[in-house]
Amino acid sequence: MATEAHDVVDLIRTKRDRGTLSTAQIDWLIDAYTRGYVADEQMSALAMAILLNGMSRDEIRDLTLAMIASGERMDFSGLGKPTVDKHSTGGVGDKITLPLMPLVASFGVAVPQLSGRGLGHTGGTLDKLESIPGWRASLSNEEMFDQLRDVGGVICAAGSGLAPADKKLYALRDITGTVEAIPLIASSIMSKKIAEGTDSLVLDVKFGSGAFMQDIARSRELAQTMVDLGNDAGVRTTALLTNMNVPLGLAIGNANEVRESVEVLAGGGPADVVELTLALASEMLRLAGQPDADVAEALRDGRAMDTWNRVIRAQGGDPTAPLPVARETTTVSAPRSGVVLRQDALPFGIAAWRLGAGRARAQDAVQHAAGIDLLVKPGDTVVEGQPIFTLSADEPSRFARALESLEGAWEIGDASDYVAGDPLVAERIG
Ligand code: URA
């Protein structure tokens, strides 16, 4: 048996005692873990030491580069146009990728959106798009390249070849309480984004009750860490810190989120979804060399919608086909007249998940028509008995648990008690 260059127990002790790992140690660690020499229990101990004691900027960069080196790197340089991507840390009702990708692509920029499926209360872009009859999430690298060249945008599943070390480490973190470490989140997200080969990247880093990080200071630290990693690796990277205390838009689910996205592409849709789509599109196009792009006009004049239709068709979908509708609905009405004071993102996300819109285990299927349609938002005036949200599910037995998670999640009170929340786009970093 070949002699190993390092002893993993030494590396664990180093991080346990707040020391620093060298580039050679990190390269070896990720390689040895990927080939199965370093055991899961050893990697778990190390992940916990990193969660508790952190990592230096150099260590985070080395970890990211080592995870990139564990797999393939995509190359879009032959496209002859700039590539720009967006990544969101995820939230409730976050369907922004759907209108954003065709909007940005309609300016002649290539938008390779490698996306994921939902787990728990945060939805996944691929699950939403799979409500469109015929739409296909899996594309070969060649199909992806051809579609970017011919149509300009693509949303598809990330192939298993990108950063396989991250895949193994992320699955381990998920079951060892070590997901929330900023060095591990930042290197996990950025290893996949850098390996994807985009020229520029805009990060939508959420804060608030429905986000990964509730606290804006932690979101800022995560955003800055990822922006540094991207720029150090030659990917022009910026981040917007955005508010996820309230669900985004009115639709939470899958098919209903597609419906809402199409409304935005048709020049309508909820104001917050439009605002964030335009803010991210402007930022993406600024990085791609078009700082003066009139993104609002491209929604109004149908250019973005044309690109959407072409992208959906290119992936086997029928953009004109009816979307699935749930077998059962139940509507909740205002118990009094007044103003909507609160609507907390997390419990609404959990309720949609319990209705069948999300999955508890990676292998579960989602019910595309399940979800919640909000009929009012915080700040709206309502009268007693007015419908305020509708729950949809294929099995009525799901309503009770969903309604249970919504207890205390929203409030109607006097107009004088209404306090407007933080702005939707709170800060720009980078
Ligand atoms: N998403 C990822 O890809 N990795 C993380 O660590 C967290 C969210």
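For every chain, the first residue of the written sequence is number 1, and numbering continues from 1 onward in sequence order. Reporting in this predicted model follows two pLDDT cut-offs: at least 70 for local features of residues, and 80 or more for side-chain atom pairs to be given and counted; totals over whole chains, interfaces and linings ignore these cut-offs and use all residues. Here the side-chain values reflect all heavy atoms present in the structure, with hydrogen atoms and water set aside.

An unreviewed UniProt entry lists the protein chain under the name Thymidine phosphorylase, with Herbiconiux flava as the source organism. Under the Sequence similarities (unreviewed entry) heading, UniProt states for the protein chain: "Belongs to the thymidine/pyrimidine-nucleoside phosphorylase family." UniProt positions are given in the numbering used here, feature names are shortened, and annotations may be inferred rather than shown by experiment. As stated in UniProt under Subunit (unreviewed entry), the record for the protein chain gives "Homodimer."

> Help me understand unusual backbone geometry, please; the structure alone is not making it clear to me.
If a residue is not glycine, its phi is most likely negative; likewise, a peptide bond is most likely trans. For Arg18, which is not glycine, the phi dihedral falls at a positive 65 degrees. Structurally, Arg18 is set in the loop between helix H1 (8-16) and helix H2 (23-34). By definition, any uninterrupted DSSP run of H or I lasting at least four residues is a helix, any uninterrupted run of E lasting at least two residues is a strand, and each is numbered from the N terminus.

> Help me understand the pattern of salt bridges in this model?
Any two side chains of opposite charge can pair if their charged atoms end up close together. Salt bridges are defined as contacts in which a side-chain nitrogen from Lys or Arg sits within 4 Å of a carboxyl oxygen from Asp or Glu. Evaluated as defined, the whole model comprises 32 salt bridges. A salt bridge links Arg117 to Glu130, with the nearest nitrogen and oxygen atoms 2.7 Å apart. One end of the pair, Arg117, is in the loop between strand E2 (111-115) and helix H6 (125-129); the other, Glu130, is in the loop between H6 and helix H7 (141-150), and 13 residues separate them in sequence. For Glu130, a relative accessible area of 27% corresponds to the partly exposed category. The cut-offs for exposure are 20% and 50% of the maximum accessible area for each residue type, with area from a 1.4 Å probe on protein chains only; residues under the lower value are buried, those over the upper are exposed, and the others partly exposed.

> Is there a simple way to explain the site of the ligand in this structure?
The cutoff for a nearby residue is simple: one of its non-hydrogen atoms must lie within 4 Å of the molecule or strand. Near the ligand, the surroundings consist of Tyr170, Arg173, Ile185, Ser188, Ile189, Lys192 and Phe212. Think of a polar contact as two N or O atoms within 3.5 Å of one another; within protein, one of them needs to be a possible hydrogen donor and the other a possible acceptor, and neighboring residues in sequence only count if both atoms come from side chains. Here Ser188 contributes a side-chain N or O atom positioned 2.6 Å from a nitrogen atom of the ligand. The separation between an oxygen atom of the ligand and a polar side-chain atom of Lys192 is 2.5 Å. Against a free-state accessible area of 240 Å², the protein chains account for coverage of 86% of the ligand. Counting residues per element, the ones that place at least two in the shell around the ligand are helix H8 (164-174) and helix H9 (182-195). Looking at the shell around the ligand element by element, the count peaks at four residues for H9. Working definition of accessibility: Shrake-Rupley area with a 1.4 Å probe, residue cover restricted to the visible protein chains.

> Got a minute to help me understand the packing of aromatic side chains in this structure?
Think of it this way: a Phe, Tyr or Trp ring, Trp meaning its six-membered ring, pairs with another when their centres are within 6.5 Å, and the plane angle makes it stacked under 30 degrees, edge-to-face over 60, tilted otherwise. One pass over the structure, following the stated rule, counts three aromatic pairs. Measuring from ring centre to ring centre gives 6.2 Å for Trp28 and Tyr37, while their planes differ by 70 degrees; the resulting arrangement is edge-to-face. Trp28 sits in the buried class, given a relative accessible area of 8%. Aromatic pair Phe348 and Phe389: ring centres 5.4 Å apart, planes at 85 degrees, arrangement edge-to-face. Within this pair, whereas Phe348 is found in helix H15 (residues 345-357), its partner Phe389 is found in strand E11 (residues 387-393), the two being separated by 41 residues in sequence.

> Just to check I follow, could you spell out helix H14 (residues 303-314) for this structure?
Three or four residues apart is the spacing at which side chains of an α-helix point the same way, because the helix has 3.6 residues per turn. The terminal C-alpha atoms of H14 lie 17 Å apart, and with 12 residues this matches the ideal 16 Å at 1.5 Å per residue to within 8%. Every buried residue of H14 is listed here: Ala304, Met305, Thr307, Trp308, Val311 and Ile312. Summarising the axial view, the buried residues of H14 lie within an arc of 160 degrees, below the 170-degree limit, and thus occupy one face. Residue contacts are defined here by distance: any two heavy atoms, one from each residue, within 4.5 Å place the two residues in contact. Each element contacted by the buried residues of H14 is listed here: helix H5 (97-105), H6, H7, strand E3 (153-157), helix H11 (255-265) and helix H13 (295-300). A positive phi of about 85 degrees marks Gly316, the residue just after H14. To estimate the expected span of a helix, count its residues, drop one, and scale the result by 1.5 Å. The arc in question is the one spanned by the directions pointing from the helix axis to the C-beta atoms.

> What is the right way to read the side chain of Ser44 from this model?
Within the secondary structure layout, Ser44 lies in helix H3 (residues 40-53). Look at Ser44 and you get buried, because its relative accessible area is 16%.

> Help me understand the packing of helix H4 (residues 57-69) against H9, please; the structure alone is not making it clear to me.
The relative placement of two packed helices is expressed as an angle between their axes plus a distance between the axes. Every axis in this analysis is a line fitted to C-alpha atoms, fitted for helices over the stretch in contact. Angles between the N-to-C directions lie between 0 and 180 degrees. For the pair H4 and H9, interaxial distance at closest approach is 8 Å and the crossing angle is 45 degrees. If you check the angle between H4 and H9, you find them oblique. In this structure, the crossing between H4 and H9 has a hand that is right-handed. Residue-level contacts link Ile60, Leu63, Thr64, Met67 and Ile68 of H4 to Pro183, Leu184, Ser187, Ser188, Met190, Ser191, Ile194 and Ala195 of H9. Along the lines of polarity and charge, the residues of the contact of H4 with H9 split into nine nonpolar, four polar and no charged. Throughout, the term roughly parallel applies to angles under 35 degrees, roughly antiparallel to angles over 145, roughly perpendicular to angles from 65 to 115, and oblique to all others. When the near helix sits turned anticlockwise from the far one by under a right angle, the crossing is termed left-handed; a clockwise turn instead gives a right-handed crossing. The classification used treats Ala, Val, Leu, Ile, Met, Phe, Trp, Tyr, Cys and Pro as nonpolar, Asp, Glu, Lys and Arg as charged, and all other residues, Gly among them, as polar.

> How should the sheet that holds strand E5 (residues 236-243) be read in this particular structure?
Two modes of strand pairing occur in sheets, parallel and antiparallel, and in both the strands are linked by backbone hydrogen bonds. Strands qualify as paired when DSSP identifies two bridges or more between them. Pairing in this open sheet of four strands is mixed, and the strands run E1-E4-E5-E13 from one edge to the other. The sheet terminates laterally at strand E1 (84-88) and strand E13 (425-429), the two strands that pair on one side only. Within this sheet the neighbouring strands show an average axis-to-axis angle of 20 degrees, counted without direction. Pairing between E1 and strand E4 (residues 200-207): five bridges, direction parallel.

> Is there a simple way to explain the sheet that holds strand E8 (residues 338-343) in this structure?
On the basis of which strands lie adjacent, the open sheet formed by three strands has the order E10-E8-E12 and antiparallel pairing. Sheet topology places strand E10 (381-382) and strand E12 (410-413) at the edges, where each strand pairs with a single neighbour. In this structure, E8 lies alongside E10, joined through two bridges in antiparallel fashion. Across the sheet, Gly338 pairs through a bridge with Val382, a residue of E10.

> What exactly am I supposed to notice about the nonpolar core here?
We call a set of buried residues a nonpolar core when its members are Ala, Val, Leu, Ile, Met, Phe, Trp, Tyr or Cys and they connect through side-chain atoms within 4.5 Å of each other. Counting residues in hydrophobic clusters, the biggest one holds 72 residues, and the most contacted among them are Leu103, Val104, Trp308, Ile372 and Phe389. Here this core gets nine residues from one element, more than from any other, and that element is helix H12 (residues 271-287). Formed jointly, this core draws a minimum of three residues from each of two domains, domain 1 (77-159 + 193-314) and domain 2 (328-417). Residues in contact with Trp308, not counting those within four places in the same chain, are Leu98, Pro102, Leu129, Ile132, Val258, Val262, Leu265 and Pro319. Note that domain bounds follow an automatic or database assignment of domains.

> What's the story with the domain arrangement of the protein chain in this structure? I'm lost.
When the parts of a complex come together, some accessible area is lost, and that lost area is often used as the size of the interface. With domains assigned, the protein chain is organised as domain 1 (77-159 + 193-314) and domain 2 (328-417). Averaged C-alpha coordinates put domain 1 and domain 2 at centres separated by 25 Å. At the junction of the two partners, domain 1 supplies 25 residues and domain 2 supplies 27 residues. Its salt-bridge partner being Asp272, residue Lys377 comes within 3.0 Å of it at the nearest N-O pair. Where domain 1 meets domain 2, there are 14 residue pairs in polar contact (both at pLDDT 80 or more). Taken together, the elements giving at least two residues each to the side of domain 1 that touches domain 2 come down to strand E6 (251-253) and H11. When residues in the side of domain 1 that touches domain 2 are grouped by element, the largest group, three residues, is from E6.

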